[in-house]
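Residue-level structural notes
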Amino acid sequence: NAGVTQTPKFRILKIGQSMTLQCTQDMNHNYMYWYRQDPGMGLKLIYYSVGAGITDKGEVPNGYNVSRSTTEDFPLRLELAAPSQTSVYFCASSPSGGISANGQFFGPGTRLTVL
Amino acid sequence: QKEVEQDPGPLSVPEGAIVSLNCTYSNSAFQYFMWYRQYSRKGPELLMYTYSSGNKEDGRFTAQVDKSSKYISLFIRDSQPSDSATYLCAMTSGTYKYIFGTGTRLKVLA
């Protein structure tokens, strides 16, 4: 199993550009999450999904959109990139929303810079 | 007041030392407590989790939860240079919402 994969690894965007961060998991997990990690700020939840076709906002959703058409994929869309969106983005998955023996599995991250 | 507080470090210790990492929290609804290890430029990986109060041991790692004090700890025995990483605490009441600490950077010196 590859676990949680994310593409791209790095990206530089100009202000106002759009992009989609890809996330795929092969563990058949129902729950998927998008976080951003800023220095000294911990992980902040952007969006989450409890299953295909169901998504909801997390703590910091402004400027982002998501979709979940399959169990495996959970892409994150930035429509009009702003410098405040410079961050490292992590996708994660878990079997359910509650705790499991394995908690959340994280992808390797996408490092995004908006100039 | 943040829901979860964690000293950012960095914490430098010699190889073989016992390391103590800690988090405090304010929400008494938290029931599940986790520790993640994050190497530089990698995603977090789950090290340990505990439910409610008590201790849990796994090899060189011991997690402790004191719900009465709203305080959790991770102890690393016989620390190794390969333990050098950032350690994140996380907690949840059992829903989708996990609250993460900001992480403590640990350096184990050979």
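Summary of the structure given here. Predicted model only: the values in this text are computed from it and were never measured. (Residues numbered from 1 in each chain as written. Chains lettered and ligands numbered in written order. Predicted model: local features only at pLDDT ≥ 70, side-chain atom pairs only at ≥ 80, totals over all residues. Heavy atoms only, no water.)

Re the overall build of chain A
- When you go through chain A residue by residue, the secondary structure sums to zero helices and eleven strands.
- Sequence-ordered secondary structure for chain A, helices as α and strands as β, is β-β-β-β-β-β-β-β-β-β-β.
- Whereas a compact globule of 115 residues would reach a radius of gyration of roughly 13 Å, chain A reaches 13 Å, a difference of no more than 12%.
- Of all 115 residues assigned to chain A, the portion counted as buried reaches 48%.
- Long-range contacts, defined here as pairs at least 24 residues apart, represent 56% of the contacts in chain A between residues at least 6 apart.
- Working note: accessible area of chain A is about 5,200 Å², and carbon and sulfur atoms make up 52% of it.
- For chain A, the distance from the average position of its 9 positive side-chain charges to the average position of its 7 negative side-chain charges is 9 Å. (Helix = DSSP H or I, 4+ residues; strand = E, 2+ residues; numbered from the N terminus. Rg over C-alpha atoms; globule rule 2.2 N^0.38 Å. Buried < 20%, exposed > 50% of the residue type's maximum accessible area, 1.4 Å probe, protein only. Contact = heavy atoms within 4.5 Å. Areas by Shrake-Rupley, 256 points an atom, 1.4 Å probe, with all protein chains shown as cover. Lys, Arg positive; Asp, Glu negative; His and termini not counted. Charge placed at Lys NZ, Arg CZ, Asp CG, Glu CD.)

Re the environment of Ile12 of chain A
Residue and element names in this part refer to chain A.
- Counting through the fold element by element, Ile12 comes out in strand β2 (residues 10-13).
- Residue class for Ile12 comes out exposed when judged on its relative accessible area of 58%.
- Ile12 sits 71 residues away from Pro83 along the chain, and the two C-alpha atoms are 11 Å apart.
- Discounting residues that sit within four places of it in the chain, Ile12 has contacts with Thr113 and Leu115.

Details of the sheet that holds strand β3 (residues 19-25) of chain B
Residue and element names in this part refer to chain B.
- Sheet architecture is open: five strands sit in the order β1-β3-β8-β7-β6, paired in antiparallel fashion. Among the strands making up the open sheet, the edge pair consists of β1 (4-6) and β6 (54-58). Across the sheet, the mean angle from the axis of one strand to that of its neighbour is 15 degrees, orientation sign disregarded. (Pairing = 2+ DSSP bridges. Axes fitted to C-alpha atoms, helices over the stretch in contact; angles between N-to-C directions.)

A short note on the interface of chain A and chain B
- On the chain B side, the residues contacting the 24 residues of chain A number 18 residues.
- For the pair chain A and chain B, the summed buried surface comes to about 1,700 Å²; carbon and sulfur atoms form 61% of the total.
- Put simply, chain A and chain B have zero salt bridges between them.
- For the pair chain A and chain B, the interface holds two residue pairs in polar contact (both at pLDDT 80 or more).
- Secondary structure elements with two or more residues in the side of chain A that touches chain B: β4 (31-38) and β5 (42-51) of chain A. (Buried area = accessible area lost by both parts, 1.4 Å probe. Salt bridge = Lys/Arg side-chain N within 4 Å of Asp/Glu carboxyl O. Polar contact = N/O pair within 3.5 Å; in protein donor to acceptor, adjacent residues only side chain to side chain.)

As for the sheet that holds strand β7 (residues 64-66) of chain A
All names here are of chain A.
- Spatial strand order, β1-β3-β8-β7: four strands in an open sheet with antiparallel pairing. Pairing within the sheet leaves two strands with one partner each, and these edge strands are β1 (4-7) and β7. This sheet shows a mean twist of 20 degrees between the axes of neighbouring strands, independent of strand direction.
- Strand direction decides the pairing type here: β7 and strand β8 (residues 76-78), joined by three bridges, are antiparallel. If you follow Asn65 over to β8, its bridge partner there is Arg77.

Side note on the state of the cysteines
Residue and element names in this part refer to chain B.
- As enumerated under the stated definition, the model contains two disulfides over all chains in all.
- With a sulfur-sulfur separation of 2.0 Å, Cys23 is cross-linked through a disulfide to Cys89. Negative torsions about the S-S bond denote left-handed disulfides, and the value of about -100 degrees found for Cys23 with Cys89 makes this one left-handed. Of this pair, Cys23 sits in strand β3 while Cys89 sits in strand β9 (residues 85-92), placing them 66 residues apart in sequence. Each member of the pair, Cys23 as well as Cys89, carries the same accessibility label: buried. (Disulfide = S-S within 2.5 Å.)

Re the nonpolar core
- Counting 25 residues, the largest nonpolar core has Val4, Trp35, Ile72, Leu74, Tyr87 and Met91 of chain B as its most contacted members.
- Counting residues per element, the ones that place at least two in this core are β3, β4 (32-38), β5 (45-51), β7 (61-66), β8 (71-76), β9 and β11 (104-109) of chain B. (Core = buried A, V, L, I, M, F, W, Y, C linked by side-chain atoms within 4.5 Å.)

Side note on the environment of Arg68 of chain A
Residue and element names in this part refer to chain A.
- With respect to the element layout, Arg68 can be found in the loop between β7 and β8.
- Sequence separation between Arg68 and Ala52 is 16 residues; the distance between their C-alpha atoms is 5.1 Å.
- Not counting residues within four places of it along the chain, the set of residues in contact with Arg68 comprises Gln25, His29, Asn30, Met32, Ser49, Val50, Gly51, Ala52, Gly53, Thr55, Asp73 and Phe74.
- Among the polar contacts made by the side chain of Arg68, one reaches the main-chain carbonyl oxygen of Thr71 at a distance of 2.8 Å.

Considerations on the pattern of salt bridges
Residue and element names in this part refer to chain A.
- This structure, assessed with the given rule, holds six salt bridges over all chains.
- Close ionic contact of Arg77 with Glu79 constitutes a salt bridge, the shortest N to O distance being 3.3 Å.
- Overall, the relative accessible area of 30% leaves Arg77 in the partly exposed class.

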